[in-house]
Amino acid sequence: MATNALIEIRNGRVAKASALRGIGLNPYPSRSQRTHYAKTILDDFAQLEGQTATVAGRLMSWRKQGALAFAHVQDQTGRLQLFLRRNLVQPTDKSTGDLGYADTHMLDLGDIIEATGKVVRTERGEISVLVEHLRLLTKALRPLPDQWSGLKDREQVLRKRYLDTTLEPASFERFAAACKMVAAMRGFLLERGFLEFQTPVIQPQYGGGTAKPFKTHVNALGCDMYLAISHELYLKRLIVGGYDKVFTIGRYFRNEGIDRSHHPEFSMVETMTAYENYEYNMNLIEEMFRHVAVKVFGKTEFNVRGHTIDFGRPWRRVSMAEAVREKTGIDFRQLQTVEEANARLAALGIQEAQPSVGEALVKAFEITVEKELIQPTLVYGHPVEISPLAKPMAEDPRFVERFEIFIAGMECGDNWSEQNDPVQLLESWRKSYRAEERDAGKFHTLDFDFLEALEYGLPPTTGIGPGVERMVMIFTGQENIDDVIFFPLMRPSVSPLNAAIYGLEGPLLAPVEDLALSWEDFEALCGEGLLQPRARHILLKPHLRVWSKGRVSGHVEIEGFLANSVLRLAGWKSQAGEPEGQKKILERMERALPQFLKKAFPDCEVTVSPVTELQST
């Protein structure tokens, strides 16, 4: 529909809202007197026939034939017919909010209405409410998309999910099922003695996984923090605190790619259980999937990515090395050198060389085995190189007590016996840690506060972490994660229609400024009044980079000058072999710059964050 036509329709509905106010009716009253949902009336008609009921919901159809009218109202349980007789519907009355039959031309499809009357069956056999009182609860200013064709534009489905679920019962039921699944998992764990805790989303040190984090800044504390990539380390602190079975159903944020099975923001059910190992969790996760299948859907067989998956059967359990040997004939457990392991990869057509035998095994598994694991499978025994938080196997310390869940070729959870030896954990972390790639998501970062907690004693502990969205995809037969996330992350957009309606001019989205200046240019622009703070609080975040051969450089990120970004000052550097070069740069960044800002802008408060030091080779 053309933009101009939509604006005309909207203007017409705004005029109707004004006309309703003119006759004393509020087009947006604060509450409804609903007594029954549509499904209740349909299911319990035998008991409710002839009784008075009040229903409320969205007006989805309207057909007027002289003294009679038929409509359908839709609530969260379904649709129900309304049957209106002109001589039975009470007249317009501002004291009760009733809208009379003569004024029903004020209604439009999409309006939210309330109807009170007796439950009847029409001559054609359709269960209905014979309306005596009709009220408008919300005047909809925009028309719904065509109900027969629905939303065809994929982008509109994702951006306006509320319209998709209004028009498509399958979409509505899918998201309702996701809610029921979370409730079922929560109930499953509570019944087994677990306690639910809320763990921090904003964390001073991200950890518990290997993923690139989202970084933020907490103004009140004057420091950078991260959005959680995992809640694991906090759940372990709870175990240290004396709780034996804990879990959280939390949000996770990983600043990585978006594809059919990955989303930057997602949910997981994460548990920790004391005095058990990973074998306990193999049973727990299998029982949880089976419980959700029966509790929410009433069955154990599902169609997942074109395969019939039976959650009622025992899950297969196989070691990673054995799964690769079965598929390729190569037993990586027998290989002694990384050169030999990479030669075996090359023979499989995998040309990407790996730094260790264990990582070569993982690469072979990912390429040759993973996609063929159709029925629910627990793959255990991961190489120690990629599992610093897991406990090594007593019988072969090259591998750890860890397992992953695979269903229809998808990885659906990662679980292990927790490494509770703080000395061993610190050694593993330090082996992989590289300061220059700290936030790259390639390794587990050093968390000394967590290590301190471990030094007070963490009992044998194990946890699971199934992804909620992955589970919803499996149980609802979806192959795209966007179809199980009600509000998927998308690039912001303002349509031409909204720009016209709301009178927007110029850039429709807030610009992201990218400005880097030398100290000399910054000083000159501030002195001439061309560059001034936008905020009263100015935050300085110095960065020092130490290069090889004794060279040092520095830059400062300044918050408070630009509306949507930071301003970067660069150009501080020392020459090779310059005595006290690093000290001089820090002096300029930490003292000279704040002094200049306080003098140039005396009404502003200037705060200097601790220096971030980076090493480059």
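Residues numbered from 1 in each chain as written. Predicted model: local features only at pLDDT ≥ 70, side-chain atom pairs only at ≥ 80, totals over all residues. Heavy atoms only, no water.

Student: Can you help me understand the side chain of aspartate 98 in this one?
Tutor: With respect to the secondary-structure elements, aspartate 98 resides in the loop between β3 (78-85) and β4 (112-121). Among buried charged residues, aspartate 98 stands out as having no salt bridge; its nearest opposite-charge side chain is arginine 135, 5.4 Å away. When sequence neighbours within four positions are dropped, the list of residues in contact with aspartate 98 reads Leu25, Gln90, Pro91, Thr92, Asp93, His133, Leu134 and Arg135. (Helix = DSSP H or I, 4+ residues; strand = E, 2+ residues; numbered from the N terminus. Buried < 20%, exposed > 50% of the residue type's maximum accessible area, 1.4 Å probe, protein only. Lys, Arg positive; Asp, Glu negative; His and termini not counted. Salt bridge = Lys/Arg side-chain N within 4 Å of Asp/Glu carboxyl O. Contact = heavy atoms within 4.5 Å.)

Student: Whenever I open this one, the nonpolar core confuses me. Can you help?
Tutor: Across soluble globular proteins, nonpolar side chains have a tendency to be buried as a group. Core analysis: the biggest nonpolar cluster contains 65 residues, and Ile285, Phe289, Phe311, Phe332, Phe365, Ile407 and Phe475 have the highest contact counts within it. A total of 9 residues in this core trace back to one element, the largest contributor, which is helix α8 (residues 278-297). Once you skip the residues sitting within four places of it in the chain, phenylalanine 332 turns out to touch Val324, Ala341, Arg344, Leu345, Val357, Ala360, Leu361 and Ala364. (Core = buried A, V, L, I, M, F, W, Y, C linked by side-chain atoms within 4.5 Å.)

Student: Would you explain the pattern of salt bridges in this entry?
Tutor: Close approach of charged atoms allows side chains of opposite charge to pair. For the structure shown, the criterion picks out 38 salt bridges. The salt bridge involving lysine 327 is made with glutamate 372; its shortest N-O contact spans 3.0 Å. Linking lysine 327 in helix α9 (residues 320-328) with glutamate 372 in the loop between α11 (357-368) and β15 (377-383), this pair joins segments that are 45 residues apart in sequence. For lysine 327, a relative accessible area of 44% gives the class partly exposed. For arginine 333, the salt bridge is made with aspartate 331, and the minimal N-O distance between the two is 2.8 Å. Residue arginine 333 is classed as partly exposed on the basis of its relative accessible area, which comes to 25%. Residue class for aspartate 331 comes out buried when judged on its relative accessible area of 18%. Among the charged side chains, a salt-bridge network with shared partners connects Arg13, Lys16, Asp108, Asp111 and Lys139.

Student: Would you mind showing me how to read the sheet that holds strand β2 (residues 68-75) here?
Tutor: Within a sheet, each strand pairs with its neighbour through backbone hydrogen bonds, oriented either parallel or antiparallel. As summarised here, the arrangement of the 5 strands in space is β1-β2-β3-β5-β4, forming a closed barrel in which the pairing is mixed. Neighbour-to-neighbour, the strand axes of this sheet turn through a mean angle of 50°, independent of strand direction. Across 8 bridges, β2 lies against β3 in antiparallel orientation. Residue pairing across strands places histidine 72 opposite glutamine 81, the latter belonging to β3. (Pairing = 2+ DSSP bridges. Axes fitted to C-alpha atoms, helices over the stretch in contact; angles between N-to-C directions.)

Student: Explanation requested: the packing of aromatic side chains in the structure shown.
Tutor: The description of two aromatic rings rests on the distance between their centres and on the angle between their planes. Applying the stated rule across the entire model yields 23 aromatic pairs. One aromatic cluster is present, formed by Phe289, Phe297, Phe302, Phe311, Trp315 and Phe475 through successive ring pairs. A cation over an aromatic ring shows up here: lysine 64 above the ring of tyrosine 101, its NZ or CZ 4.6 Å from the ring centre. Across the ring face of tryptophan 547, the terminal group of arginine 545 is positioned such that the distance to the ring centre comes to 5.6 Å. (Phe/Tyr/Trp six-rings, centres within 6.5 Å; stacked < 30°, edge-to-face > 60°. Lys NZ or Arg CZ within 6 Å of the ring centre and 35° of its normal.)

Student: Is there a simple way to explain the pairing of strand β13 (residues 307-310) in this structure?
Tutor: On a regular strand, each side chain points to the face opposite its neighbour's, so the side chains alternate between the two faces of the sheet. As paired elements, strand β12 (residues 301-304) and β13 share 4 bridges and run antiparallel to each other. The residue of β13 that forms the bridge with valine 304 is histidine 307. Taking the residues between adjacent antiparallel strands as the criterion, β12 and β13 are bridged by 2 residues, where arginine 305 takes a positive phi near 55°.

Student: Is there a simple way to explain unusual backbone geometry in this structure?
Tutor: Most peptide bonds adopt trans geometry, and most residues besides glycine take a negative phi value. Residues other than glycine seldom take positive phi values, yet tyrosine 275 does so here, at roughly 65°. You will see that arginine 305, though not glycine, has its phi angle at about 55°, which is positive. Following the sequence through the fold, arginine 305 ends up in the loop between β12 and β13.

Student: In this structure, what is going on with the pairing of strand β1 (residues 52-65)? I would like to understand it.
Tutor: Relative to β4, β1 is paired through 7 bridges, and the arrangement is antiparallel. Bridging across to β4, threonine 54 finds its partner in threonine 116. As defined by bridge partners, β1 adjoins β2 across 7 bridges and the pair is classed as antiparallel. The residue bridging tryptophan 62 from the neighbouring strand is alanine 71, located in β2. Connecting β1 to the antiparallel partner β2 that follows it, the hairpin turn spans 2 residues, and glycine 66 within it adopts a positive phi of roughly 65°.

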